[in-house]
Amino acid sequence: MNPKLMGVVNVTPDSFSDGGQYLDPEAAVRHGAKLVGDGAAILDVGGESTRPGAEEVDEAEELRRVEPVVAGLAGSTTVSIDTSKLAVAEAALDAGASIVNDVTAFKHEPEMAGLCAERGVGAVLMHMPGNPRTMQDDPRYDDVVDDVKAFLAERMEFAVGHGVGEERIWLDPGIGFGKTLEHNLELLRRLGELRGLGRPLVVGTSRKSFIGKVDGSGVEDRIGGSIATSVLAAAEGADVLRVHDVAEMVQALAVANAVLG
Ligand code: HH2
């Protein structure tokens, strides 16, 4: 197992686990540099929380948050911009980001596909039904893995149809986005089935509330669950793990690999 680690840099007042900690651009850049030192290959910079029920952030405000942080980090590492807004993605690419991580898979602003195509950058397409305000209202699937797979296949077709090189696309089942505890567990258990889509898989379980639903832990206390789910995801073929706690993940993967030989 040799997944890349994508370290999370949230430049927000309200992200569910680290909101407010890195709102100051200098603090965010310092944090990103620490994550790279810990072993992150990619930093995912975001200026809008997507936690269930989160309010949408004004475009100018999101831009103001992320632009200096992307500029401060992109010279020394690969940066992805976690946004569903075209103007924010464009400014972040201008500032040096080389991947667009859109949790709406280009549904919020379909022109994102053209932007990624034109700039020749990577794109992470994630599964989320509806939007963060509504996604946890009684989510239902016929078969969660088949439904997520069909959605990702359709979004990939859309992106490729708009000129995005298929080789630049990564796919993400969107753990915690419009899913019950059982849906999340089943997606992790059957993650290998998504390999059939033929593209690298990104998985983000870090500190998410489904972990707390298993053992009652609060958001500050979910590292064990984050590591367990991430290592299992890597064993099922995840290529990129989106995590807050990079140093702990590096150790967990090293020990898991040592055991596996
Ligand atoms: N999860 C979050 C945000 N962006 N992007 C991808 N591709 N996959 C994910 O699983 C994912 C994501 C939510 O985590 P976080 O950024 O810590 O919280 P918030 O959205 O509250 O800022």
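Bear in mind that the values here come from a model prediction, so they are computed numbers and not experimental data. (Residues numbered from 1 in each chain as written. Predicted model: local features only at pLDDT ≥ 70, side-chain atom pairs only at ≥ 80, totals over all residues. Heavy atoms only, no water.)

What about the environment of Ala 89?
Move 1: Within the secondary structure layout, Ala 89 lies in helix α3 (residues 86-94).
Move 2: The exposure class of Ala 89 is buried, given its relative accessible area of 0%.
Move 3: Sequence-wise, Ala 89 and Ala 33 are 56 residues apart; in three dimensions their C-alpha atoms are separated by 21 Å.
Move 4: Not counting residues within four places of it along the chain, the set of residues in contact with Ala 89 comprises Ile 81, Thr 83, Val 100, Met 112 and Leu 115. (Helix = DSSP H or I, 4+ residues; strand = E, 2+ residues; numbered from the N terminus. Buried < 20%, exposed > 50% of the residue type's maximum accessible area, 1.4 Å probe, protein only. Contact = heavy atoms within 4.5 Å.)

As for empty space enclosed by the protein
Move 1: Under the definition given, this model contains 2 cavities of 30 Å³ or more.
Move 2: Taken as a whole, the largest cavity spans an internal volume of roughly 40 Å³.
Move 3: Contributing to the lining of the largest cavity are Glu 48, Thr 50, Asp 82, Thr 83, Ser 84 and Val 103.
Move 4: Considered as a void within the structure, the second largest cavity measures approximately 30 Å³ in volume. (1 Å grid on protein atoms, 1.4 Å probe; cavity = no way out; pocket = protein on both sides within 12 Å on 5 of 7 lines; lining within 4 Å. Points joined across faces, edges and corners; volume = space filled by probe spheres on them.)

A closer look at the nonpolar core
Move 1: Membership of the largest hydrophobic core comes to 69 residues, with the highest contact counts inside it found for Val 45, Val 70, Phe 106 and Leu 241.
Move 2: Looking at which element gives the most residues to this core, the answer is helix α5 (residues 144-161), with 8 residues.
Move 3: The contact partners of Leu 241, leaving out residues within four places of it in the chain, are Pro 3, Lys 4, Leu 5, Met 6, Val 203, Ser 230, Ala 233, Ala 234, Met 249 and Leu 253.
Move 4: Counting 7 residues, the second largest nonpolar core, distinct from the first, contains Ile 99, Val 124, Trp 170 and Val 240. (Core = buried A, V, L, I, M, F, W, Y, C linked by side-chain atoms within 4.5 Å.)

What about the sheet that holds strand β6 (residues 169-172)?
Move 1: Taken in spatial order, the 8 strands line up as β6-β5-β4-β3-β2-β1-β8-β7 in an open sheet, and their pairing is parallel. What marks the edges here is a single partner per strand, and that holds for β6 and β7 (202-203). (Pairing = 2+ DSSP bridges.)

Some details on helix α2 (residues 59-74)
Move 1: Spanning 16 residues, α2 covers 21 Å between terminal C-alpha atoms, matching the ideal 22 Å at 1.5 Å per step.
Move 2: Among the residues making up α2, those that are buried are Glu 62, Leu 63, Arg 65, Val 66, Val 69, Val 70, Leu 73 and Ala 74.
Move 3: Summarising the contacts, the buried residues of α2 are in contact with β1 (4-10), α1 (25-38), β2 (42-46), β3 (78-82) and α3. (Expected span 1.5 Å × (residues − 1).)

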